[in-house]
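# Summary of the model geometry
Listed below, chain by chain, are the residues.
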Amino acid sequence: MSAAGTKRLGEGRDEDTAAKHPAVKCARENTGLDGTGAVVGGQGSFLGSQGAGSYEGWLRQTGAWWDEALVEVRAPWRAYSEVDNVPSYLRDGWGLMSRSKKIKKGTVICKVPKEASFCGDAGSSCSEDQDSQLHLAIRLLREQRKGTESTVWPKIATLPGSVPVCWTWTDEERGWLGGSELEVVVRRKIERLHAEFCRDIQPLGEGWTEAEYVDACATIISHANPWWGVSSVAFVDMGNHDDDPHVEFRQKANLVVGTVIKTIPKFSEIYQSYGQLGSADLLYRYGFTREG
């Protein structure tokens, strides 16, 4: 998940990043690490679109529906033409994109059931006193270890290996936060993560390192949705952020429904809003901030 008109600190992009990235090249050749068909790396995880085994095939199996005549699930290895209105810095990640017709306000573009969500028993990124990704992070680590044996592997394979939220930065990088409202918040978060690792993760005896646990927490917080406790809802979490979004997602019983709230031009990135968040919240939860 990323945003329009934003930047990740310390991160540069070039026009050919997606084409040159070794993970994308590997996915195009339908190979992977340990025979999984996916690559997990610093830029994310990629699953080749290969029939029923693809992410889209898995979505259909869960009962998810989207208007495929209007909306494309945009993969990192997609080829682009001059008519495509997708910023270069978003092209090496997943997203949602309109096809050859504009999509009118009021159009329902998707209905995603709970079965297509990645849920846990507890954990929330909504406030300081609930800021724990523990339960979802444990499930994520276990499902990653299962590889293609996991029933949610096509979903797992689209998730990044980590996300550069500010509490994953190096000591030097965290120095940039000196004197800001995030300085103390980030220090406390790092202390809580260490305490969780010692108290809850190590006793499980499953061999995860503290760095792996922190990476899993970073992935979870950046993909968390407020439905069914806290969950990561497939298809929905493909939508990148803009302060002036095209689509709004709302829970209706056991479905999350996406409705267009602003006409979407053809061949364009489809944006949602992650909420009215300031720069500090964006850095803490998503690892990017607004330009300027």
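Reference entry: report on the structure contained in this document. (Residues numbered from 1 in each chain as written. Predicted model: local features only at pLDDT ≥ 70, side-chain atom pairs only at ≥ 80, totals over all residues. Heavy atoms only, no water.)

## Some words on the pattern of salt bridges
Using the following cut-off: The salt bridge definition used is simple: a Lys or Arg side-chain nitrogen within 4 Å of an Asp or Glu carboxyl oxygen. Per the convention used, a helix needs a DSSP run of H or I reaching at least four residues, while a strand needs a run of E reaching at least two, with both numbered from the N terminus. With a 1.4 Å probe rolled over the protein chains alone, any residue whose accessible area is under 20% of its type maximum counts as buried; one over 50% counts as exposed, and the rest are partly exposed.
If you walk through the whole model with that rule in mind, you get 15 salt bridges. Residues Arg60 and Glu68 are paired through a salt bridge, measuring 2.9 Å at the closest nitrogen-oxygen approach. Linking Asp171 and Arg174 is a salt bridge whose minimum nitrogen-to-oxygen distance equals 2.3 Å. Note that Asp171 and Arg174 are positioned in helix 6 (residues 171–174) at a spacing of three residues, about one turn of the helix. You can call Asp171 exposed: its relative accessible area is 63%. Residue Arg174 is classed as partly exposed on the basis of its relative accessible area of 24%.

## Focus on the pairing of strand 6 (residues 95–98)
Applied cut-off: Only strands that DSSP links by at least two bridges are regarded as paired with each other.
In strand 6, alternate side chains face the same way, and those of Gly95 and Met97 on one face and Leu96 and Ser98 on the other are all buried. When strand 5 (residues 71–74) meets strand 6, the two strands line up antiparallel, connected through four bridges. Note on strand 6: the bridge partner recorded for Val71 is Ser98.

## So, the nonpolar core
Note the following rule: By nonpolar core we mean a set of buried residues, namely Ala, Val, Leu, Ile, Met, Phe, Trp, Tyr and Cys, connected to one another through side-chain atoms within 4.5 Å. In what follows, residue pairs with any heavy atoms lying within 4.5 Å of each other are defined as contacts.
Ranked by internal contacts, the top residues of the largest apolar core, which has 67 residues, are Cys166, Trp167, Tyr213 and Phe235. In terms of residue count, helix 8 (residues 210–222) provides more of this core than any other element does, seven residues in total. Sequence-distant contacts of Phe235, that is, excluding residues within four places in its chain, are made with Tyr55, Leu59, Trp66, Val71, Val73, Leu96, Cys110 and Val112. Counting five residues, the second largest nonpolar core, distinct from the first, contains Tyr274, Leu282, Tyr286 and Phe288.

## Brief notes about the pairing of strand 7 (residues 108–113)
Looking along a regular strand, one sees side chains alternate from face to face of the sheet. The sheet contact formed by strand 4 (residues 65–66) and strand 7 spans two bridges and is antiparallel. Of the residues in strand 7, the one forming a bridge with Trp66 is Cys110. One ladder, built from five bridges, connects strand 7 with strand 12 (residues 255–260); its direction is antiparallel. Counterpart to Lys111 in the pairing with strand 12 is Val257.

## Here's the deal with the sheet that holds strand 7
Spatially, the four strands line up as an open sheet ordered 4-7-12-11, and their pairing is antiparallel. Strands at the two margins of the open sheet, each flanked by one partner only, are strand 4 and strand 11 (247–252).

Structural measurements only, silent on function.
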